[in-house]
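# Summary of the model geometry
In case you want the letters, here they are:
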Amino acid sequence: MTLIERFLNYVKFDTKSDEETGVTPSTPGQMVFARFLKEEVENMGLSDVVLDEHGYLYATLPANTDKDLPVVGFISHMDTAPDMSGKNVNPRIVKNYQGGPIVLNEAENIVMTPDEFPEMLNYLGQDLIVTDGTTLLGADDKAGIAEILDAVRYLQEHPEIKHGKIRVGFNPDEEIGLGAHKFNVELFGCDFAYTMDGGAVGELEYENFNAAGAKITIQGRNVHPGTAKGKMINSILLAGEFMTYLPADETPAHTEGYEGFFHVVGINGGVEQTTLQYIIRDHDRAKFEARKKLMEEAVAKLNSKYPGAVSLEMNDQYYNMREKIEPVMHIIETAEKAMREAGVEPKVQPIRGGTDGAQLSFKGLPCPNIFAGGENMHGRYEFVSVQAMEKARDVVANICRLVAE
């Protein structure tokens, strides 16, 4: 089976995750796909195959050398984003893309153009796998799974390439922030690992946001508007006032690179009560703590005007993995060398978000993130280059060889 045949098989499975169900995996389709992958890795001859009750799949490619080598892991997630349907994905391959628009769905006039998506022009002459415009594609992260298993196949077919014990792990629910929560690091048994979950060719990431979530509940007082003077406290208006206490230019729409932000992701309520949902992000730990303090000060400021009206629930979600990677920077250097040997120039950059690798790093498994090749993830304009996937596969195989060398 070729790399692309694997991928096109995988995207047929509807594995959209759902943050509302409260179970793991969050949707039954993920377990269906996990069972399919379990059978596939068993048929490939991998050992130590375990699929647990939560949909986490682990397997081993045994070492083919007696050298005492580190155990290396490769991880990808099985779910697709809740943002758009992943059911009945109908991909097609645009061979030898030469620029210009690609009609995804003629009947519904859905067209992907370089004017809107200039990254398309990075793939001139390559073969692009695109959607039919009605679903996402699923390259995030079924491309990663296909690349890992195709690298394993390559190593099996080339026993002259020496490598140590290689572990693969596929998990559910990454897209709802729960992928690493029940990942059994001890069972996985690796010295270090890589998530194959990045975007464009060359991406190599070992820095991510420190992250917190905040819920602000504002209690108002409703009175008939005809007799409300001096009595009514409209919690909706207080919510608007609260938002003015945070820097207007420190939102996702105004920041990039290493700049952090406050992001209001939800507002719900009426005169009597309003809730605001925020996420707080910053790469720098000290600045992250300062942002949380500013949130607390904004609550206190509004409470000073309206005593007892505002309450705050704030919880840390994950931290910047850089502090866990820096002591083992050789794993970054190995990945960079593996990329260059595959003809790829590494692009080391911070993740403006989170990754399973961040949580795994803090669970004791240093785990930077490598490109899987997808572009425009989570929507109908998602695509992946066949050649990008081949490069990612080669990087995995190269890492295995370089660790042995």
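See the structure shown above.
Cut-offs used in this document
- The written sequence of each chain sets the order in which its residues are numbered from 1.
- Totals for whole chains, interfaces and linings use all residues, but because this is a predicted model, local features are given only for residues with pLDDT of at least 70 and pairs of side-chain atoms are given and counted only at 80 or more.
- Note that water and hydrogens are dropped before the side-chain values are worked out from all heavy atoms of the structure.
- In this description a helix means any DSSP run of H or I spanning at least four residues, a strand means any run of E spanning at least two, and both kinds are numbered starting from the N terminus.
- Working definition: with a 1.4 Å probe on protein chains only, accessible area under 20% of the residue-type maximum means buried, over 50% means exposed, and in between means partly exposed.
- For salt bridges, the criterion is a side-chain nitrogen of Lys or Arg within 4 Å of an Asp or Glu carboxyl oxygen.
- Grid points spaced at 1 Å and placed over the protein atoms alone form the basis of the search, with a cavity being a set where a 1.4 Å probe fits but cannot get out and a pocket an open set showing protein on both sides within 12 Å along at least five of seven lines. Lining residues have an atom within 4 Å of a point.
- Grid points are joined across faces, edges and corners, and a volume is the space filled by probe spheres set on the points.
- Amino acids are sorted into nonpolar (Ala, Val, Leu, Ile, Met, Phe, Trp, Tyr, Cys and Pro), charged (Asp, Glu, Lys and Arg) and polar (every other residue, Gly among them).

### Things to note about unusual backbone geometry
The linkage connecting T24 with the following residue, P25, adopts the cis geometry, with an omega of -5°. Checked against the element boundaries, P25 lands in the loop between α1 (3–10) and α2 (28–43). Omega for the bond connecting D140 with D141 falls within 30 degrees of zero, at 15°, which places this linkage in the cis form. One can find D141 in helix α3 (residues 139–157). Despite not being glycine, N96 shows a phi value in the positive range, around 50°. Of the residues examined, N96 reaches a relative accessible area of 42% and is grouped as partly exposed. In the Ramachandran plot, D173 falls in the positive-phi region, its phi being about 65° despite a non-glycine side chain. Checked against the element boundaries, D173 lands in the loop between β8 (166–171) and α4 (185–188).

### A closer look at the pattern of salt bridges
Opposite charge on two side chains makes pairing possible when the charged atoms of those side chains draw close. Counted according to the given criterion, the structure contains 20 salt bridges. Ionic pairing is found between R6 and E40, a salt bridge with its closest N-O pair at 2.7 Å. Here R6 is found in helix α1, whereas its partner E40 is found in helix α2, with 34 residues between them in sequence. Owing to a relative accessible area of 4%, R6 belongs among the buried residues under this scheme. Across the salt bridge formed by K38 and E42, the nearest N and O atoms sit 2.8 Å from each other. Here K38 and its partner E42 are both found in helix α2, four residues apart, which amounts to about one turn of the helix.

### Re empty space enclosed by the protein
In this structure the tally under the stated criterion is one cavity of 30 Å³ or more. Estimates place the volume of the largest cavity at around 30 Å³. Lining the largest cavity we find I75, S76, H77, D141, N171, E174, T195, D197 and D356. If you list the elements that add at least two residues to the lining of the largest cavity, you get β3 (72–77) and β9 (192–198). With three residues, the top contributor of residues to the lining of the largest cavity is β3. Among the residues forming the lining of the largest cavity, the class breakdown is one nonpolar, four polar and four charged.

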